[in-house]
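# Notes for the structure review
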Amino acid sequence: MAAASLRRGRAARLSHRAALPLPSGTSLDDKSLTENGLAAPARKTGRILLIACGALAREILDICNANGLDHIDLTCLPAKLHLYPDQIITHVEAAVAKHRAIYDQIYVVYADCGTGGQLQKKCADLGVEMVPGPHCYAFFEGNTRFDTLSEAGEITAFYLTDFLVKQFDAFVWRPMGLDKNPELRDMIFGNYTTLIYQSQIRDSALLDKAHDCAKRMGLDFIHRHTGYGDLETTLKTWGKSAPSSN
(Lines give C-alpha, C1' and ligand atoms only; values in the text may rest on other atoms or scores of the structure.)
Protein backbone atom coordinates (compact mmCIF):
# COMPACT_ATOMS: atom_id res chain seq x y z
CA MET A 1 0.00 0.00 0.00
CA ALA A 2 2.78 2.42 0.94
CA ALA A 3 4.74 1.57 -2.22
CA ALA A 4 1.68 2.14 -4.41
CA SER A 5 1.09 5.47 -2.72
CA LEU A 6 4.67 6.50 -3.33
CA ARG A 7 4.41 5.58 -7.01
CA ARG A 8 1.21 7.60 -7.38
CA GLY A 9 2.86 10.55 -5.65
CA ARG A 10 5.90 10.36 -7.93
CA ALA A 11 3.69 10.11 -11.01
CA ALA A 12 1.75 13.17 -9.89
CA ARG A 13 4.96 15.14 -9.37
CA LEU A 14 6.30 14.17 -12.81
CA SER A 15 2.97 15.07 -14.39
CA HIS A 16 3.08 18.46 -12.70
CA ARG A 17 6.61 19.13 -13.93
CA ALA A 18 5.79 18.02 -17.46
CA ALA A 19 2.80 20.39 -17.39
CA LEU A 20 5.11 23.41 -17.22
CA PRO A 21 4.65 25.57 -20.34
CA LEU A 22 6.99 24.32 -23.05
CA PRO A 23 8.67 26.69 -25.50
CA SER A 24 6.13 27.99 -28.02
CA GLY A 25 8.17 30.34 -30.22
CA THR A 26 8.65 29.73 -33.92
CA SER A 27 10.82 32.76 -34.69
CA LEU A 28 14.53 33.52 -34.28
CA ASP A 29 13.67 37.10 -33.41
CA ASP A 30 15.56 38.04 -30.23
CA LYS A 31 12.43 39.21 -28.44
CA SER A 32 10.63 35.97 -29.22
CA LEU A 33 13.63 33.90 -28.10
CA THR A 34 13.66 35.90 -24.87
CA GLU A 35 9.97 35.57 -24.09
CA ASN A 36 8.83 32.36 -25.82
CA GLY A 37 11.93 30.32 -26.59
CA LEU A 38 11.89 28.03 -29.64
CA ALA A 39 9.48 25.12 -29.97
CA ALA A 40 10.83 21.68 -30.85
CA PRO A 41 10.11 20.47 -34.39
CA ALA A 42 7.93 17.45 -35.02
CA ARG A 43 10.53 14.76 -35.76
CA LYS A 44 10.81 10.99 -35.83
CA THR A 45 13.18 8.91 -33.76
CA GLY A 46 16.79 8.41 -34.79
CA ARG A 47 17.75 12.01 -34.08
CA ILE A 48 19.37 14.14 -31.40
CA LEU A 49 17.56 16.93 -29.57
CA LEU A 50 19.32 19.88 -27.97
CA ILE A 51 17.44 21.61 -25.14
CA ALA A 52 19.09 25.02 -25.01
CA CYS A 53 18.87 28.58 -23.76
CA GLY A 54 17.13 30.95 -26.16
CA ALA A 55 20.17 33.23 -26.00
CA LEU A 56 22.17 30.52 -27.83
CA ALA A 57 19.70 29.65 -30.60
CA ARG A 58 21.41 31.46 -33.47
CA GLU A 59 24.86 30.28 -32.45
CA ILE A 60 23.77 26.64 -32.20
CA LEU A 61 22.07 26.72 -35.59
CA ASP A 62 25.13 28.36 -37.16
CA ILE A 63 27.40 25.67 -35.69
CA CYS A 64 25.12 22.87 -36.87
CA ASN A 65 24.86 24.32 -40.37
CA ALA A 66 28.62 24.88 -40.65
CA ASN A 67 29.44 21.33 -39.52
CA GLY A 68 26.76 19.38 -41.33
CA LEU A 69 24.97 18.41 -38.11
CA ASP A 70 21.62 18.07 -39.84
CA HIS A 71 20.63 15.12 -37.65
CA ILE A 72 20.32 17.48 -34.68
CA ASP A 73 17.09 19.28 -33.73
CA LEU A 74 16.82 22.27 -31.43
CA THR A 75 14.36 23.55 -28.87
CA CYS A 76 15.12 26.55 -26.67
CA LEU A 77 13.74 27.62 -23.32
CA PRO A 78 12.98 31.34 -23.02
CA ALA A 79 16.17 33.32 -22.47
CA LYS A 80 14.43 35.34 -19.73
CA LEU A 81 14.76 32.34 -17.40
CA HIS A 82 18.27 33.63 -16.70
CA LEU A 83 16.61 36.25 -14.52
CA TYR A 84 15.25 33.36 -12.39
CA PRO A 85 17.96 30.63 -12.44
CA ASP A 86 15.99 28.19 -10.26
CA GLN A 87 13.36 28.02 -12.99
CA ILE A 88 15.95 26.82 -15.51
CA ILE A 89 16.17 23.55 -13.57
CA THR A 90 12.44 22.84 -13.49
CA HIS A 91 11.94 23.81 -17.14
CA VAL A 92 14.84 21.66 -18.31
CA GLU A 93 13.39 18.72 -16.38
CA ALA A 94 9.97 19.25 -17.94
CA ALA A 95 11.45 19.48 -21.45
CA VAL A 96 13.45 16.27 -20.99
CA ALA A 97 10.33 14.47 -19.71
CA LYS A 98 8.32 15.70 -22.70
CA HIS A 99 10.80 14.71 -25.42
CA ARG A 100 12.49 11.63 -24.01
CA ALA A 101 10.08 9.19 -25.67
CA ILE A 102 10.61 10.77 -29.09
CA TYR A 103 14.35 11.40 -29.32
CA ASP A 104 17.09 8.78 -29.16
CA GLN A 105 19.47 11.22 -27.49
CA ILE A 106 18.98 14.50 -25.61
CA TYR A 107 21.63 17.02 -24.58
CA VAL A 108 21.26 20.20 -22.52
CA VAL A 109 22.95 23.31 -23.89
CA TYR A 110 23.28 25.26 -20.67
CA ALA A 111 26.28 25.80 -18.44
CA ASP A 112 25.71 26.17 -14.68
CA CYS A 113 24.17 29.61 -15.33
CA GLY A 114 23.80 30.68 -11.70
CA THR A 115 22.10 27.51 -10.47
CA GLY A 116 24.82 26.74 -7.93
CA GLY A 117 25.51 23.28 -9.32
CA GLN A 118 21.86 22.25 -9.14
CA LEU A 119 21.37 22.08 -12.90
CA GLN A 120 24.33 19.73 -13.22
CA LYS A 121 22.90 17.56 -10.44
CA LYS A 122 19.50 17.48 -12.12
CA CYS A 123 21.00 16.57 -15.50
CA ALA A 124 22.97 13.76 -13.83
CA ASP A 125 19.76 12.48 -12.23
CA LEU A 126 18.03 12.61 -15.62
CA GLY A 127 20.95 10.91 -17.36
CA VAL A 128 21.54 13.75 -19.83
CA GLU A 129 24.79 15.54 -20.55
CA MET A 130 25.17 19.34 -20.42
CA VAL A 131 27.80 21.80 -21.64
CA PRO A 132 30.65 22.07 -19.13
CA GLY A 133 31.46 25.44 -17.59
CA PRO A 134 30.09 28.03 -15.16
CA HIS A 135 28.38 30.17 -17.83
CA CYS A 136 28.35 30.96 -21.54
CA TYR A 137 31.10 33.59 -21.17
CA ALA A 138 33.44 30.81 -20.08
CA PHE A 139 32.63 28.33 -22.82
CA PHE A 140 32.66 31.00 -25.54
CA GLU A 141 36.11 32.07 -24.37
CA GLY A 142 37.11 28.45 -23.78
CA ASN A 143 36.79 27.25 -20.19
CA THR A 144 40.52 26.79 -19.66
CA ARG A 145 41.42 30.18 -21.08
CA PHE A 146 38.61 31.84 -19.13
CA ASP A 147 39.98 30.40 -15.87
CA THR A 148 43.46 31.65 -16.75
CA LEU A 149 42.21 35.15 -17.51
CA SER A 150 40.19 35.25 -14.29
CA GLU A 151 43.21 34.23 -12.24
CA ALA A 152 45.23 36.92 -13.99
CA GLY A 153 42.87 39.64 -12.75
CA GLU A 154 39.88 39.62 -15.08
CA ILE A 155 37.60 38.84 -12.17
CA THR A 156 36.43 42.48 -12.23
CA ALA A 157 35.11 42.26 -15.80
CA PHE A 158 31.49 42.41 -16.89
CA TYR A 159 30.85 40.26 -19.98
CA LEU A 160 28.49 40.60 -22.90
CA THR A 161 27.88 38.23 -25.82
CA ASP A 162 26.26 39.08 -29.17
CA PHE A 163 22.82 38.26 -27.81
CA LEU A 164 23.32 40.27 -24.62
CA VAL A 165 24.57 43.30 -26.53
CA LYS A 166 21.36 43.24 -28.56
CA GLN A 167 19.26 42.65 -25.42
CA PHE A 168 21.25 44.90 -23.07
CA ASP A 169 18.27 46.93 -21.90
CA ALA A 170 16.07 43.85 -21.36
CA PHE A 171 18.68 41.83 -19.44
CA VAL A 172 20.81 44.47 -17.71
CA TRP A 173 19.56 48.03 -17.69
CA ARG A 174 15.87 47.57 -16.90
CA PRO A 175 16.14 44.60 -14.47
CA MET A 176 18.63 46.60 -12.42
CA GLY A 177 16.30 49.59 -12.37
CA LEU A 178 18.73 51.87 -14.17
CA ASP A 179 16.12 53.03 -16.67
CA LYS A 180 14.30 54.74 -13.79
CA ASN A 181 17.19 55.34 -11.39
CA PRO A 182 20.36 55.98 -13.45
CA GLU A 183 22.03 57.46 -10.38
CA LEU A 184 22.44 53.88 -9.09
CA ARG A 185 24.92 53.06 -11.84
CA ASP A 186 28.11 53.66 -9.89
CA MET A 187 26.83 51.75 -6.89
CA ILE A 188 25.76 48.72 -8.96
CA PHE A 189 28.85 48.56 -11.16
CA GLY A 190 31.33 50.02 -8.69
CA ASN A 191 33.27 46.75 -8.33
CA TYR A 192 33.69 46.30 -12.08
CA THR A 193 36.47 47.92 -14.07
CA THR A 194 35.92 46.68 -17.62
CA LEU A 195 33.21 45.56 -19.99
CA ILE A 196 34.45 42.72 -22.20
CA TYR A 197 32.47 42.07 -25.35
CA GLN A 198 32.92 38.50 -26.57
CA SER A 199 31.71 38.52 -30.15
CA GLN A 200 30.56 35.36 -31.89
CA ILE A 201 30.17 36.98 -35.30
CA ARG A 202 31.91 40.01 -36.77
CA ASP A 203 29.39 42.84 -36.93
CA SER A 204 30.46 46.49 -36.78
CA ALA A 205 27.01 47.62 -35.61
CA LEU A 206 27.12 45.24 -32.65
CA LEU A 207 30.65 46.37 -31.84
CA ASP A 208 29.49 50.00 -31.75
CA LYS A 209 26.54 49.08 -29.54
CA ALA A 210 28.78 47.12 -27.16
CA HIS A 211 31.08 50.14 -26.87
CA ASP A 212 28.05 52.29 -26.04
CA CYS A 213 27.01 49.79 -23.35
CA ALA A 214 30.43 50.23 -21.73
CA LYS A 215 30.03 54.00 -21.76
CA ARG A 216 26.59 53.76 -20.17
CA MET A 217 28.03 51.57 -17.43
CA GLY A 218 31.07 53.80 -16.90
CA LEU A 219 33.49 50.96 -17.67
CA ASP A 220 36.56 50.56 -19.85
CA PHE A 221 35.97 48.55 -23.00
CA ILE A 222 37.66 45.46 -24.41
CA HIS A 223 36.54 43.49 -27.45
CA ARG A 224 37.57 39.89 -28.07
CA HIS A 225 36.29 37.88 -30.98
CA THR A 226 35.87 34.45 -29.44
CA GLY A 227 33.73 32.80 -32.07
CA TYR A 228 31.87 29.81 -30.61
CA GLY A 229 34.67 28.44 -28.42
CA ASP A 230 33.99 25.25 -26.47
CA LEU A 231 30.34 25.32 -27.52
CA GLU A 232 31.29 24.34 -31.07
CA THR A 233 33.71 21.68 -29.84
CA THR A 234 31.03 20.17 -27.60
CA LEU A 235 28.32 20.12 -30.27
CA LYS A 236 30.67 18.50 -32.79
CA THR A 237 31.55 15.81 -30.23
CA TRP A 238 27.88 15.15 -29.48
CA GLY A 239 27.14 15.01 -33.19
CA LYS A 240 29.69 12.22 -33.73
CA SER A 241 27.84 9.95 -31.33
CA ALA A 242 24.61 10.44 -33.22
CA PRO A 243 22.17 7.66 -34.02
CA SER A 244 21.39 7.18 -37.69
CA SER A 245 18.88 9.75 -38.88
CA ASN A 246 15.54 8.90 -40.51
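Computed from a predicted model, the values in this text were never measured in an experiment. (Residues numbered from 1 in each chain as written. Predicted model: local features only at pLDDT ≥ 70, side-chain atom pairs only at ≥ 80, totals over all residues. Heavy atoms only, no water.)

For the rest of this paragraph, the subject is the overall build of the protein. A tally of regular secondary structure across the protein gives twelve helices and seven strands. For the protein, with 246 residues in total, the buried portion stands at 45%. Sequence-distant contacts, at least 24 apart, represent 71% of the contacts inside the protein between residues at least 6 apart. Carbon and sulfur atoms provide 51% of the accessible area of the protein, an area that totals close to 12500 Å². (Helix = DSSP H or I, 4+ residues; strand = E, 2+ residues; numbered from the N terminus. Buried < 20%, exposed > 50% of the residue type's maximum accessible area, 1.4 Å probe, protein only. Contact = heavy atoms within 4.5 Å. Areas by Shrake-Rupley, 256 points an atom, 1.4 Å probe, with all protein chains shown as cover.)

The α-helix winds at 3.6 residues per turn, so residues separated by three or four positions along the chain end up facing the same way. Within helix H5 (residues 118-126) the residues assigned to the buried category are Leu119, Lys122, Cys123 and Leu126. On an axial view of H5, the arc spanned by its buried residues comes to 100°, and they lie on one face. Projecting away from the buried face of H5 at angles above 90 degrees are the exposed residues Gln120, Ala124 and Asp125. In the core, the buried residues of H5 are packed alongside helix H4 (85-99), strand S3 (105-109) and strand S4 (129-130). Gly127 occupies a position one or two residues after H5 and carries a positive phi of about 75°. (Arc of directions from axis to C-beta.)

This part takes up the confidence of the model for the protein. Here the protein averages 89 in pLDDT, and 90% of its residues register 70 or above. A low-confidence stretch, residues 1-18 (pLDDT under 50), is modelled with three contacts involving residues beyond four sequence positions or located in other chains. (pLDDT = per-residue confidence, 0-100.)

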